[in-house]
Amino acid sequence: MLTPLQSLVQCGTKLWLDSVDPDEVKRNLAWGATGATSNPIIIADLIKTGRFNDKLARLLAKGLSDVDVAWELTDSLVRDAQAAFLPAWQASHGDTGYVSFELDPLLEDPAVNLPLEARKTRYIELGKRWSEGHQNRMIKVPATPGGLAALEDLAAAGVTLNVTLVFSDQQYIAARDAIWRGAQRRRSLDGFKSVYSIFVSRLDVYTEKHVPQLSPKAQGMVGIVNAKRIWKMNQKFWEDKRLKLKQEMIFASTGTKRPEDPPWKYVEAFAGSDIETNPPATNDLVQASGRTFTRQVDKLPPAEILAEIDGLVDMEKLEKTLMEEGIKKFADPQKALLALIATKRQELQPVGAK
């Protein structure tokens, strides 16, 4: 008999892990996971466990700055996860088995307010740097103006891309079209792979606060409807391109936020296609649920629910608000990670060291 996560994978979903914790990677590999992702919050949480003090101490002993320690540690943890998922990458000929590496979130820091061209240039430089020499590493770039501006050149350079912080169809279209333009500048499309991370639960948090007039049946469904519609757009766009590898949606932000929602709400809603990047806690609860998952990704709510959502939810306003919040959530964790490393420097510094 299949476990819940095995049934999720069997019905067509690629299960990725929203963590590069080596213990979680090992555990989720056994459950059928074939990929993972990283971000500053994940790295900070791992540092807080104390399990990586020795590795931190070695990096600090090299005289590296807090910034360089953060990136060296991230690179090391992502490399280890890549090694764990490399067999999946090889077996799928490059269609899964990736680990995503997020570029510097401080490029989007509102307090710094870098000019657009400077952000674009830096994303391209960093994307090329952190992807070089890696078979199964994805470079994560946000669907901000600076990130979007860099996508064509990154794709043309052969960088495998994961576009993150996608909330709307307009962001998705801009990202997809830029990447496809860049991909067509390559000598070959054989190894071309791109994914688009559509955030889900944040939309439902938004509507609960800003669109309280939605009926109980519609409230909590906006993230699902939005993501499924974009998934369908993505399916249609790529179907005639005759590519060897799939260009897929990642259903991200799949952990539930409302206590009344079952932990498998979003996991179940998107079962059957593309990729789900789930937090470890979500996978734990799903695995313990005893449920069997079947394809749901192409099933929408009844027409009256869709009409209510379309009539009451201003998607332009939603995107604007969530992007403003998202950019803050993007930059602040990197600042917190650097502050944590500075604290660790004091803790781990040998007595008498300057």
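Residues numbered from 1 in each chain as written. Predicted model: local features only at pLDDT ≥ 70, side-chain atom pairs only at ≥ 80, totals over all residues. Heavy atoms only, no water.

Concerning the sheet that holds strand β5 (residues 161-166)
Stated formally: Should DSSP find at least two bridges between two strands, the strands are taken to pair. Numbering of helices and strands runs from the N terminus, with a helix taken as a DSSP run of H or I at least four residues long and a strand as a DSSP run of E at least two residues long. For helices, the fitted axis covers only the stretch in contact; all axes are lines through C-alpha atoms, and the angles between them, taken along N-to-C directions, range from 0 to 180 degrees.
Spatially, the eight strands close up into a barrel ordered β1-β2-β3-β4-β5-β6-β7-β8, and their pairing is parallel. Strand-to-strand twist of the sheet, defined as the mean angle between neighbouring strand axes without regard to direction, takes the value 30°. Relative to strand β4 (residues 137-142), strand β3 (residues 99-102) is paired through four bridges, and the arrangement is parallel. Paired with Ser100 across the strands is Met138, a residue of β4.

A few points about helix α10 (residues 222-238)
What counts is decided by this rule: Each helix should span, by expectation, one fewer than its residue count multiplied by 1.5 Å. When a residue's accessible area, from a 1.4 Å probe over protein chains only, is under 20% of the maximum for its type it is buried; when over 50% it is exposed; and in between it is partly exposed.
Taking 1.5 Å as the rise per residue, α10 with 17 residues should run 24 Å; its terminal C-alpha atoms sit 25 Å apart, in good agreement. Extensive coverage of α10 is indicated by the burial of twelve of its 17 residues. Buried within α10 we find Val222, Gly223, Ile224, Val225, Asn226, Ala227, Lys228, Ile230, Trp231, Asn234, Phe237 and Trp238.

Re helix α6 (residues 116-131)
Rule in force here: In this analysis, two residues are considered to be in contact whenever any of their non-hydrogen atoms come within 4.5 Å of each other.
The terminal C-alpha atoms of α6 lie 22 Å apart, and with 16 residues this matches the ideal 22 Å at 1.5 Å per residue to within 8%. All buried positions along α6 are accounted for by Arg119, Tyr123, Ile124, Leu126, Gly127, Trp130 and Ser131. In this structure, the buried side of α6 is in contact with α5 (66-91), β3, β4, α7 (145-156) and α14 (315-348). Among the residues trailing α6, Gly133 stands out with phi positive, at a value near 85°.

Considerations on the packing of helix α4 (residues 53-61) against α14
Cut-off, in case you're wondering: With respect to orientation, any angle under 35 degrees is reported as roughly parallel, any angle over 145 as roughly antiparallel, any angle of 65 to 115 as roughly perpendicular, and every other angle as oblique. In this classification, the charged set is Asp, Glu, Lys and Arg, the nonpolar set is Ala, Val, Leu, Ile, Met, Phe, Trp, Tyr, Cys and Pro, and all remaining amino acids, among them Gly, are polar.
Interhelical geometry of α4 versus α14 gives an angle of 90° and a closest axis separation of 10 Å. As far as their axial angle goes, α14 and α4 are roughly perpendicular. Facing α4, whose interface residues are Asn53, Leu56, Ala57 and Leu60, α14 presents Lys344, Arg345 and Leu348. Classifying every residue of the contact of α4 with α14 by side-chain character gives four nonpolar, one polar and two charged.

Details of the layout of surface pockets
Rule in force here: The distinction between a cavity and a pocket rests on a 1 Å grid over the protein atoms alone: a 1.4 Å probe fits inside a cavity but cannot get out, while a pocket stays open yet meets protein on both sides within 12 Å along at least five of seven lines, and a residue with an atom within 4 Å of a point counts as lining. Grid points are joined across faces, edges and corners, and a volume is the space filled by probe spheres set on the points.
Approximately 670 Å³ is the volume found for the largest pocket. Of all the secondary-structure elements, those providing two or more residues to the lining of the largest pocket are α3 (40-48), β5, β6 (194-199), β7 (248-252) and α14. Sort the elements by how many residues they give to the lining of the largest pocket and α3 lands first, with five residues. Residues that form the lining of the largest pocket fall into these classes: twelve nonpolar, twelve polar and seven charged.

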